[in-house]
Protein chains: 4
Amino acid sequence: MPWELKTDRPIYTQLVEQIKLMVFSGAYPLGSRLPSVRDMAQEAAVNPNTMQRALAKLEEEGLIITHRTSGRSITEDARMVELAKTKLAQEQISELLEKMRLLGFDQEAILTLINDMVKEMKQ
Amino acid sequence: MPWELKTDRPIYTQLVEQIKLMVFSGAYPLGSRLPSVRDMAQEAAVNPNTMQRALAKLEEEGLIITHRTSGRSITEDARMVELAKTKLAQEQISELLEKMRLLGFDQEAILTLINDMVKEMKQ
Amino acid sequence: MPWELKTDRPIYTQLVEQIKLMVFSGAYPLGSRLPSVRDMAQEAAVNPNTMQRALAKLEEEGLIITHRTSGRSITEDARMVELAKTKLAQEQISELLEKMRLLGFDQEAILTLINDMVKEMKQ
Amino acid sequence: MPWELKTDRPIYTQLVEQIKLMVFSGAYPLGSRLPSVRDMAQEAAVNPNTMQRALAKLEEEGLIITHRTSGRSITEDARMVELAKTKLAQEQISELLEKMRLLGFDQEAILTLINDMVKEMKQ
DNA sequence: GTGGTCTAGACCACC
DNA sequence: GTGGTCTAGACCACA
C-alpha cells in the first residue's frame, strides 16, 4: 500500500484512484470488509473527512457498499467492478491525450505513435 | 513552475521530465541561458547534486549545452527538441500501456478503447 | 420522540400532528393515560398553553378524552382512531398535491406520476 | 426566501431542495448568476462548507454551472430543469408513500384515497 | 464502536 | 474577489 499523494490534485481524488486500483488488483477482494474510515485515514495519513469523501465517491459509483453501523465492504457485483475499471481506463487515456495535445501532437500523430508502440510490444 | 516531486521514483528523473516540459512549453526558449545549478536546486528544494544529475541527463540527450565557463543553455537545434519531445511522448504512452496492462486489458482492448476515444474527441 | 418544530407553521398544529403519529404508531396505546400538560410541554420545550391548545384540538377530533379530575387518556374507540388516521393521510396528500401544483404539474400529470411509482413499488 | 431548516435531516439536502424550488419557481431565472457561496451561506445562516456541498450536489445534477473564478449560474438548459423537476416530484411522492405505509395503508388504499382527492379538486 | 454531518478556520489557484 | 480543498474537532444516530 503505497499511498503516494502529490499536492497538485485534490487528495480525495487520488485516494479514490488508489483504492480503485487496490480493488482491481485484488488487494481488496469482492465482498470483503473495509477498515473503518478512521483507520484508513490514519493509514494514508490524511484527515478522516478527506477519506470519508473519497469513500462516499466510491459508493456513488457503486463500487462500495455502506452498512450504516457496521462499516463498508467492496461490492460483490463483478459487473460494477468491470464498469468502474473501464471508466478508470478511459480517464487515464483522456489524461494522456490531453498531455499529448499540450506537447503539440495532433490526433493523427498521437494515433500513429500509439499504434507503433503497441506493435512493438507485440514483437 | 510547480516542481511536484513524489517519493516513489528517483527525484532526478522527475526533474528531467519537468524541465523538458518547460522547454517544450516555451518557458525556457531555445538558446536561452539556464540559471545556475545552485539556484535551480534551491528553486526545486533539492540537493544541488540531484539537480546536477538531472542536467547531465538532459545534456546527454542533447537538449542542453554546457559552456565550460559560462553556465548552460538550451540547445538551438530545433530537431533535437523535436526528438526529445517524441521520446517523452513515447515514455508517457509506455506508462499508460503498462497501467492498462495492470488493469487487465490486452493490446486489442487497449487499442479499441483509445481509438474510440479519439474518434469521440473529433466530433 | 423527535419533537421537530419548524417556525413556518403554528407550533400547536405541529404538536397535533406529532402526537397523532405517536398514537397511530402505538407509542401511546389506545386507552393509555397521557402525561400531564406541564410535563408534555416541558418535554417538547414549548409553553404549556401551546401544548394545552394542541391537546384541546385532539379532544375536539375525538382522539383524546379528558377526565375532569384525572388527566387525559387516548380514546378506546378504534373507529375514532381510524377516522383520524384517514384525515391525517388526506392532509398529507393535500400538501403533496399543493407542492406538485407549485412545481407546475397538472392533475393528469400528477396522477400519472403517482400511478407509475406505485406500480414500481409493486414489482 | 424562507430558508426553513429542520434538524431531522442533513442540512445540505434541505438546502438542495430549497434552492431547486427557487429555480423552479423562477426566483433564480435560467442563466442568472448566483450569489457567492459565502453570501448564500450567510443568508441561510449555515457554514460556507455546508452551502458549498449543496451547490456541488446541484452541479452534479446539472442544474448549476460553475465558472471557476467568477461564481456560479443557473443552467440555461431548460431540459435539465425539467428533468430535475420530475426527479424532485418523484422524491416527494416517494416520501408520501413511505409515510402512508407507516400509517398502515396498503397500495390500493393509498391509490383510492389519492384518486378521490384529485377528483374532489377537479370539482 | 460504526458512518455521517456540521462548524470553524485556514490555505490555494485563478484572474 | 471567486470557488475548491483540507484539517481539526465536535456531535449525532444506530445497535
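Residues numbered from 1 in each chain as written. Chains lettered and ligands numbered in written order. Predicted model: local features only at pLDDT ≥ 70, side-chain atom pairs only at ≥ 80, totals over all residues. Heavy atoms only, no water.

**Student:** Help me understand the domain arrangement of chain A, please; the structure alone is not making it clear to me.
**Tutor:** For interface size, the figure often reported is the accessible area lost on association. Residue and element names in this part refer to chain A. Taken domain by domain, chain A comprises domain 1 (1–76) and domain 2 (78–123). Just the C-alpha atoms count here: the centres of domain 1 and domain 2 sit 25 Å apart. Of the residues lining the interface, 11 residues belong to domain 1; the matching set on domain 2 comes to 10 residues. Summed over both partners, the interface of domain 1 with domain 2 buries about 870 Å², with 68% contributed by carbon and sulfur atoms. Between the two partners, domain 1 and domain 2, sit one salt bridge. Residue Lys87 pairs with Glu61 through a salt bridge whose shortest N-O separation is 3.7 Å. Grouping the constituent residues of the side of domain 1 that touches domain 2 by class yields four nonpolar, two polar and five charged. (Domains from an automatic or database assignment. Contact = heavy atoms within 4.5 Å. Buried area = accessible area lost by both parts, 1.4 Å probe. Salt bridge = Lys/Arg side-chain N within 4 Å of Asp/Glu carboxyl O. Nonpolar A, V, L, I, M, F, W, Y, C, P; charged D, E, K, R; others polar.)

**Student:** Any chance you could explain the interface of chain B and chain A here in plain terms?
**Tutor:** Taken together, the contact between chain B and chain A spans 29 residues of the former and 29 residues of the latter. Between chain B and chain A, the buried area comes to about 3100 Å², and carbon and sulfur atoms account for 77% of it. For the pair chain B and chain A, the interface holds zero salt bridges. At the junction of chain B with chain A, the criterion picks out three residue pairs in polar contact (both at pLDDT 80 or more). (Polar contact = N/O pair within 3.5 Å; in protein donor to acceptor, adjacent residues only side chain to side chain.)

**Student:** It is not clear to me how the relation of the copies chain B and chain A should be interpreted in this structure. Could you clarify?
**Tutor:** Both copies of the chain are related by a screw-like operation: a rotation about an axis and a shift along it. Between the two copies, chain B and chain A, the superposition gives an RMSD of 0.3 Å; the rotation angle is 180 degrees and the shift along the axis is 0.1 Å. When the rotation and shift are considered jointly, the pair of chain copies conforms to a two-fold rotation axis. Distance from the rotation axis, computed per C-alpha, reaches its smallest value in chain B at Lys6 of chain B: 3.2 Å. Looking at the interface residues of chain B, 100% of them are also at the interface in chain A, so both copies use one shared face. (Least-squares fit on C-alpha atoms with pLDDT ≥ 70 in both.)

**Student:** Looking at this structure, I do not really get the protein's contact with DNA strand F. What am I missing?
**Tutor:** The local shell around DNA strand F holds 18 residues, among which Ile11, Asn47, Asn49 and Thr50 of chain A together with Arg72 of chain D are the closest. The sugar-phosphate backbone supplies 70% of the atoms of DNA strand F found within 4 Å of the protein. In this structure, a base nitrogen belonging to DNA strand F sits 3.2 Å away from a side-chain N or O atom of Arg38 of chain D. Separating a sugar or linking oxygen of DNA strand F from a backbone N or O atom of Arg68 of chain D is a distance of 3.2 Å. Elements represented by at least two residues in the surface near DNA strand F include exactly helix H1 (11–25) and helix H3 (48–60) of chain A together with helix H2 (37–44) and helix H3 (48–60) of chain D. Broken down by element, the residue count for the surface near DNA strand F peaks at three residues, all from H3 of chain A. For the surface near DNA strand F, the class distribution of residues is four nonpolar, 10 polar and four charged. (Near = heavy atom within 4 Å. Helix = DSSP H or I, 4+ residues; strand = E, 2+ residues; numbered from the N terminus.)

**Student:** Just checking my understanding: could you explain the protein's contact with DNA strand E for this structure?
**Tutor:** Surrounding DNA strand E, one finds 18 residues, the nearest of these being Arg72 of chain A together with Ile11, Asn47, Asn49 and Thr50 of chain D. When the atoms of DNA strand E within 4 Å of the protein are sorted by group, sugar and phosphate make up 71%. Contact between DNA strand E and Arg38 of chain A: a base nitrogen at 3.2 Å from a side-chain N or O atom of the residue. At 3.4 Å from a base oxygen of DNA strand E is found a side-chain nitrogen or oxygen belonging to Asn49 of chain A. For the surface near DNA strand E, the secondary structure elements donating two or more residues are helix H2 (37–44) and H3 of chain A together with helix H1 (11–25) and H3 of chain D. Here the surface near DNA strand E gets three residues from one element, more than from any other, and that element is H3 of chain D. Here the residues of the surface near DNA strand E are counted per class, giving four nonpolar, 10 polar and four charged.

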